[in-house]
Structure formats: C-alpha cells, structure tokens
Amino acid sequence: WFLRPTSELIEQLQSKGFELDDPEQVMQVDCQEGDVLIVNTRLWWHRTELPHQETPSVSYARDFYFSEQDGTTKESSSNMTNVDGVYAPKDLEEGVV
C-alpha cells in the first residue's frame, strides 16, 4: 500500500499540535500473508501495487462504524454494519475463489 494524508487529515493533525515533516511524502506499507491493514480512506490518499505472482491475492474492503458510548453510531442512517452477512450471505466452498 502507498498512503499519503489528505489535506483534511493534515489540518486535523495540525489542530492537535502535530506537524508532519513532509505532508506530501508517500508512505509505503508492505503487507504479508495474514496481515490486516485498516485505512480510513476518507483521510488517506491510497493506492496498491501487487508484485507479479503465480497465486491470486485477495483483498477484502468494508466500511467500519464504531459505536458511541450511548450505543449509537455516527452513521446511524446507513444499512451497513459490521456483520459479515451483509456481504457474504453464505459460505463459499474451498477453492471457489
């Protein structure tokens, strides 16, 4: 993954007293088999590059909503949840993907 903060994220960080040496610098994150990377794609410009390989690579993208202390979510009008069934209503047989 290649990540670079958006202007919104830079402003948020600066308002909290953080300064980035070079906000335009792209950070590279190398993920290995079994790694989990969670990226707020609203706050980070992002792209991926996959090296050539004989076996397929699978990425799984989804939205996350975290509950407030009172149990509500910030995106309460959305029908998306952290329940996998919204995306895969049944199990896939091994070797199908």
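Here the structure is shown first, and the text comes after it.
Undergrad: So what exactly am I meant to see when it comes to the sheet that holds strand S2 (residues 27-28) here?
TA: In a beta sheet, neighbouring strands are held together by backbone hydrogen bonds and run either parallel or antiparallel to one another. A sheet is described by the order of its strands in space; here three strands give the open sequence S2-S1-S3, paired in antiparallel fashion. Each of the sheet's edge strands pairs with one partner strand only, and the pair in question is S2 and strand S3 (44-47). Where strand S1 (residues 2-5) and S3 come together, four bridges link them in antiparallel fashion. Considered in S3, the bridge of Pro5 is made with Trp44.

Undergrad: Sorry if this is basic, but what is going on with the packing of aromatic side chains here?
TA: The geometry of an aromatic ring pair is captured by the separation of the ring centres together with the interplanar angle, meaning the angle of the planes. Per the counting criterion, the structure on display carries zero aromatic pairs. Positioned above the aromatic ring of Phe2 is the side chain of Arg47, whose terminal nitrogen or guanidinium carbon lies 4.1 Å from the ring centre.

Undergrad: Can you walk me through a nonpolar patch on the surface in this structure?
TA: A surface patch of nonpolar side chains, about 340 Å² in accessible area, is lined by Val36, Ile38 and Phe64. Turning to its location among the elements, Phe64 is positioned in the segment after S3. For Phe64, a relative accessible area of 39% gives the class partly exposed.

Calculation notes
- Residues numbered from 1 in each chain as written.
- Predicted model: local features only at pLDDT ≥ 70, side-chain atom pairs only at ≥ 80, totals over all residues.
- Heavy atoms only, no water.
- Pairing = 2+ DSSP bridges.
- Helix = DSSP H or I, 4+ residues; strand = E, 2+ residues; numbered from the N terminus.
- Phe/Tyr/Trp six-rings, centres within 6.5 Å; stacked < 30°, edge-to-face > 60°.
- Lys NZ or Arg CZ within 6 Å of the ring centre and 35° of its normal.
- Patch = residues over 30% accessible without salt bridge, like charges linked within 9 Å, V, L, I, M, F, W, Y side chains within 5 Å.
- Areas by Shrake-Rupley, 256 points an atom, 1.4 Å probe, with all protein chains shown as cover.
- Salt bridge = Lys/Arg side-chain N within 4 Å of Asp/Glu carboxyl O.
- Buried < 20%, exposed > 50% of the residue type's maximum accessible area, 1.4 Å probe, protein only.

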